[in-house]
Amino acid sequence: MSKGLINKVFDKETTRREFLKLTGKGVAGFAVTSSILSMFGFGEEAMAAIALPEGLLVVDRSKCTGCQRCEITCTLQNDGKVQPFLSRIKVGENYNFGTTGPKINYQYEDGQMGNLKMSPVTCKQCREPFCANACPNGAIAADARTGARVVLKDKCVGCGVCTEACPWNLPTIDTENGYATKCTTCGSCVRGCPTDALKVIKWEDISKAHFFSKR
């Protein structure tokens, strides 16, 4: 790596876009390995969840108790009400049997009925967004400031096509207000987590870790 590039990594505040440019990857193609996460003190239960403007959201399943405080703070921040069903981060849906649902050997699988490991999930901000491509009204578009694909409430009619199109069914319809909800990358879930099971690693720190992992 050239001296100029090294200075770019260490002497300048690194944004998500700059980091991805340095690594030559798009958001959807970017993956933080377990070895990089271990540099930040995460164990084998940690997994990268979503690329936020200020850093990478990491879920540490060894610390998640399933309290659903993240869902509460999400809906308070974005909807002005406590309604975990509408949350942009999903824990309750996976609470009993994990993300893959009930299985014959459920006692060995994720969830309250099994190994007690919780699996918070949220929008993956796909490079080719199934939800936005399927929307008949063009009501899901990239936010000019963050780049996150968000719901345009004035265009959304709450038809639910985005939910059906998403492979993980993550967009949720707020039937009270008549529009879909979807992650805005606001980070309220992280701020509301009482056990630090959700954390954001700044892009400049990941850049440094990525640099040292390649040496």
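Here's a quick rundown of the structure. Given the structure is predicted, the values throughout are model-derived calculations rather than measurements.

Bringing the environment of Q68 into the picture now. Here Q68 is to be found in the loop between β2 (55-60) and α4 (69-79). Judged by its relative accessible area of 26%, Q68 is partly exposed. Taking the C-alpha atoms as reference points, Q68 and Y95, 27 residues apart in sequence, are found 9.4 Å from one another. Not counting residues within four places of it along the chain, the set of residues in contact with Q68 comprises P84, V91 and G92.

Nonpolar side chains tend to gather and get buried jointly when the protein is soluble and globular. Judged by nonpolar contacts, the single largest core of 16 residues is most densely connected at I50, L57, C70, I89, C189, V190 and L198. Leave out the neighbours within four places in its chain, and V190 touches L57, L198, K199 and V200. Residues A139, I140, V151 and I173 belong to the second largest nonpolar core, which totals eleven residues.

A few words now on the pairing of β2. Each regular strand carries side chains that alternate between the two faces of the sheet. The buried count for β2 comes to six of six residues, which makes it a mostly enclosed element. Sheet topology places β2 next to strand β9 (residues 198-202); five bridges connect them, and they run antiparallel. Pairing of V58 across the sheet is with K199, part of β9.

This part is about the environment of T163. With respect to the helices and strands, the residue T163 is situated in helix α6 (residues 161-165). A relative accessible area of 16% means that T163 is categorised as buried. Sequence-distant contacts of T163, defined by excluding residues within four places in its chain, comprise N169, P171, T172 and I173.

For any pair of aromatic rings, the description consists of the separation of the ring centres together with the inter-plane angle of the planes. Using the criterion set out here, one finds one aromatic pair in the structure. Seen from their ring centres, F97 and Y106 are 6.0 Å apart, and the 85 degrees between their planes marks the pair as edge-to-face. For F97, a relative accessible area of 27% translates into the label partly exposed. The ring of W168 carries the charged tip of K124 above its face, separated from the ring centre by 4.9 Å.

The final tally for this structure, using the stated rule, is four salt bridges. The closest approach of N and O atoms between R61 and D110, which form a salt bridge, is 2.5 Å. With R61 in the loop between β2 and α4 and D110 in the loop between β3 (89-90) and β4 (121-122), the pair connects residues that are 49 residues apart, well separated along the chain. Each member of the pair, R61 as well as D110, is classed as buried. With a closest N to O distance of 2.5 Å, K81 and E176 form a salt bridge. Residue K81 is found in the loop between α4 and β3, and its partner E176 is found in the loop between β7 (172-174) and β8 (179-181); the two are separated by 95 residues along the sequence.

Further remarks concern empty space enclosed by the protein. Enumeration over the complete set of coordinates arrives at five cavities of 30 Å³ or more. Estimated volume of the largest cavity: approximately 120 Å³. Forming the boundary of the largest cavity are 15 residues, of which R88, C183, C186, G187 and C189 lie nearest the centre. Of all elements in the fold, only α4 and α7 (188-192) reach the threshold of two or more residues within the lining of the largest cavity. Of the residues belonging to the lining of the largest cavity, the class tally is eight nonpolar, six polar and one charged.

Here we come to unusual backbone geometry. Non-glycine residue Q125 carries a positive phi angle of around 50 degrees. Within the fold, Q125 resides in the loop between β4 and α5 (130-134). Even without being glycine, T185 reaches a positive phi, approximately 55 degrees. Along the chain, the position of T185 falls in the loop between β8 and α7. The class for T185 is buried, based on a relative accessible area of 6%.

How each quantity is defined
- Within each chain, residues carry numbers counting from 1 in the order of the written sequence.
- Given that this is a predicted model, residues contribute local features only at a pLDDT of at least 70 and side-chain atom pairs are listed and counted only at 80 or more, while totals for whole chains, interfaces and linings are drawn from all residues.
- Calculation of side-chain values draws on the structure's entire complement of heavy atoms; hydrogens and water are dropped beforehand.
- Starting at the N terminus, helices and strands are each numbered in turn, a helix being any DSSP run of H or I of at least four residues and a strand any DSSP run of E of at least two.
- Exposure categories follow from relative accessible area, calculated using a 1.4 Å probe and restricted to protein chains: below 20% of the type maximum is buried, above 50% is exposed, and the middle band is partly exposed.
- Whether two residues are in contact is decided by their heavy atoms: any pair within 4.5 Å suffices.
- Residues belong to a common nonpolar core when they are buried Ala, Val, Leu, Ile, Met, Phe, Trp, Tyr or Cys residues joined through side-chain atoms within 4.5 Å.
- Note: two strands are recorded as paired if DSSP finds a minimum of 2 bridges between them.
- Aromatic contacts are taken between Phe, Tyr and Trp rings whose centres are within 6.5 Å, Trp giving its six-membered ring; a plane angle under 30 degrees counts as stacked, one over 60 as edge-to-face, and the others as tilted.
- A ring is scored as having a charge over it whenever the NZ atom of a lysine or the CZ atom of an arginine sits within 6 Å of its centre and within 35 degrees of its normal.
- The term salt bridge refers to a pairing of a side-chain nitrogen on Lys or Arg with a carboxyl oxygen on Asp or Glu at a separation within 4 Å.
- Residues are called lining when one of their atoms sits within 4 Å of a cavity or pocket point, these points coming from a 1 Å grid over the protein atoms alone, where a cavity is a set in which a 1.4 Å probe fits but cannot get out and a pocket is an open set with protein on both sides within 12 Å along at least five of seven lines.
- Grid points are joined across faces, edges and corners, and a volume is the space filled by probe spheres set on the points.
- Residues were grouped as follows: Ala, Val, Leu, Ile, Met, Phe, Trp, Tyr, Cys and Pro as nonpolar; Asp, Glu, Lys and Arg as charged; and all remaining residues, including Gly, as polar.

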